[in-house]
Amino acid sequence: MTSTTTLFTPTAATPMSSHWRDFLALAKPGVVRLVVFTGLCGMLAAPGSINPVLGFAAILSIALAAGGAAAFNQWYEADLDSRMKRTARRPIPAGRVAPKDARDFAALLCGASVLVMGLAIGWLAASILVVSIFYYVVVYTMWLKPRTPQNIVIGGGAGAFPPLIGWVAVTGDITLTPILLFAIIFFWTPPHFWALAMFVKSDYAKAGIPMMPVVRGERATRWQILAYALFMVPLAAAPWYLGTAGIVYGVASLVLTGMFALLAVPVGLRTSGAQDTMKPEKRLFAYSIIYLFALFGVLVIDRVLQDAGVIG
Ligand code: HEM
Ligand SMILES: CC(C)=CCC/C(C)=C/CC/C(C)=C/COP(=O)(O)OP(=O)(O)O
């Protein structure tokens, strides 16, 4: 085990005075925003409708679960975060939130999320929520992350559940399309994360985390980023050619994912030197986030156009 909060004690030089903004930061709001969006899109793209109040409860539950899981992640990794430049200013390592307050906050959010989902929507959706929290906190954070460079390939499942949950909240059923939505996020995660890992590699190396560029080297990581990005082209278009999404989604997915693959080409083919500013990697990482927002947004637009009879 590389790090636990039991090893982490805030320094006396940083007295504890938590602000609500620190608790918000524990929930990783940037990531939660995209998770909520994909969950909402899963819900809106599903055939059928949901009472808006229940729909709101389901989205709130996904936000609480993702935020709670992120807070558990920061509680568990406080010592590790204190050793990396990118994460050293987070609320626990910076001494602004006590580890046990962070843990209680995380438990509160996760508990509330499962309860609200179970009572408002049903226990199938609530069970998938439990699995996704467990996946991020236990399978990814505690087990895989400190042990294997495949940590995020397998751990990618954690963030892939929300559209599935959104869909199940409407239909009460798991069919091919929500499984495809799960697969899209699952296979998007490695190029999303490894692009970033390339330019913060030294941080992970210093902290002893076996991320792909640290363990297998840049060359191997670059090839894998390109391979996953190329595989995304047919995968993201699958809801269209398998007949569960329309032509608007089909064309948009080819354009958006084509761009993703194009941006991955210079990342895959180049060799970086010591003074490299890693521009292609930074561009790919930034685009990966815009891409997922856009792809899921188009899926919903396509569904609206189909329901209005504008497209077949
Ligand atoms: C195991 C899987 C994943 C890993 C290891 C990972 C890792 C990261 C890291 C290290 C950052 C930089 C965050 C920072 O500097 O604080 C980041 C940013 C981000 N990630 Fe991921 N990520 C994963 C999956 C996902 C998923 C599934 C989503 C959403 C569906 C997502 C959405 C985002 C967003 C929106 C940002 C930008 C956050 C901001 O601007 O505040 N990530 N990711
Ligand atoms: C509903 C639900 C529970 C959703 C799961 C939330 C989610 C998007 C999980 C994905 C994993 C993620 C953002 C990892 C960040 O890596 P890290 O934690 O290793 O990054 P760090 O180094 O910045 O801490």
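Remember, it's a predicted structure, so these values are computed and weren't measured experimentally. (Residues numbered from 1 in each chain as written. Chains lettered and ligands numbered in written order. Predicted model: local features only at pLDDT ≥ 70, side-chain atom pairs only at ≥ 80, totals over all residues.)

## A closer look at the overall build of the protein
Helices and strands together make up the secondary structure of the protein, namely 14 helices and zero strands. Along the protein, from the amino end to the carboxyl end, the secondary structure elements read α-α-α-α-α-α-α-α-α-α-α-α-α-α. For the protein, whose C-alpha radius of gyration is 20 Å, the value lies close to the compact-globule estimate of 20 Å for 312 residues. Dimensions of the protein, computed from the C-alpha atoms along their principal axes, are close to 65 × 50 × 30 Å. Taken across its 312 residues, the protein has 46% of its residues classed as buried. Counting only contacts in the protein whose residues sit at least 6 apart along the sequence, the fraction spanning at least 24 positions is 75%. (Helix = DSSP H or I, 4+ residues; strand = E, 2+ residues; numbered from the N terminus. Rg over C-alpha atoms; globule rule 2.2 N^0.38 Å. Buried ≥ 20, exposed ≤ 12 C-beta atoms within 10 Å, placed from the backbone. Contact = placed C-beta atoms within 7 Å.)

## Examining the site of ligand 2
The immediate surroundings of ligand 2 are formed by 17 residues, with Ala65, Ala66, Ala69, Ser132 and Gly159 found nearest. Elements supplying a minimum of two residues to the shell around ligand 2: helix H2 (29–45), helix H3 (52–76), helix H6 (123–144) and helix H8 (157–171). Taken together, the residues of the shell around ligand 2 break down into eleven nonpolar, four polar and two charged. (Near = placed C-beta within 6 Å. Nonpolar A, V, L, I, M, F, W, Y, C, P; charged D, E, K, R; others polar.)

## Considerations on the site of ligand 1
Close to ligand 1 lie 18 residues, the nearest being Gly30, Leu34, Ile152, Gly155 and Gly159. Looking at the shell around ligand 1, the elements that each hand over two or more residues are H2, helix H7 (151–155), helix H9 (176–199) and helix H14 (279–307). Along the lines of polarity and charge, the residues of the shell around ligand 1 split into ten nonpolar, seven polar and one charged.

## Structural notes on the domain arrangement of the protein
You can read the domains of the protein as domain 1 (25–174) and domain 2 (176–312). A C-alpha centroid distance of 21 Å is found between domain 1 and domain 2. Taken together, the contact pairs 29 residues of domain 1 with 27 residues of domain 2. At the level of elements, H2, H7 and H8 are the ones that each hand at least two residues to the side of domain 1 that touches domain 2. When residues of the side of domain 1 that touches domain 2 are assigned to their parent elements, the largest contribution, eight residues, is made by H8. Partitioning the side of domain 1 that touches domain 2 into residue classes produces 18 nonpolar, six polar and five charged. (Domains from an automatic or database assignment.)

## As for H6
The largest bend along H6 reaches roughly 35 degrees and is located at tyrosine 135. Three or more residues of H6 are buried, namely Ala125, Ala126, Ile128, Leu129, Ser132, Ile133, Tyr135, Tyr136, Val137, Tyr140 and Thr141. (Bend = angle between axes of the 7 residues up to and from the residue.)

## Considerations on helix H5 (residues 99–120)
The end-to-end C-alpha distance of H5, which contains 22 residues, comes to 31 Å, matching closely the 32 Å that a straight helix rising 1.5 Å per residue would cover. Tucked into the core, H5 has its buried residues touching helix H1 (20–26), H3, helix H4 (78–82) and H6. Just downstream of H5, glycine 122 is the residue with a positive phi angle, here 150 degrees. (Expected span 1.5 Å × (residues − 1).)

## Re unusual backbone geometry
The phi torsion at lysine 28 lies on the positive side, around 45 degrees, for a residue other than glycine. Note on placement: lysine 28 falls in the loop between H1 and H2. Residue class for lysine 28 comes out partly exposed when judged on the 18 C-beta atoms lying within 10 Å of it. A positive phi angle, close to 55 degrees, is found at methionine 278, a residue other than glycine. Tracing the chain through its elements places methionine 278 in the loop between helix H13 (247–269) and H14. By the C-beta count within 10 Å, which is 18 here, methionine 278 ends up partly exposed.

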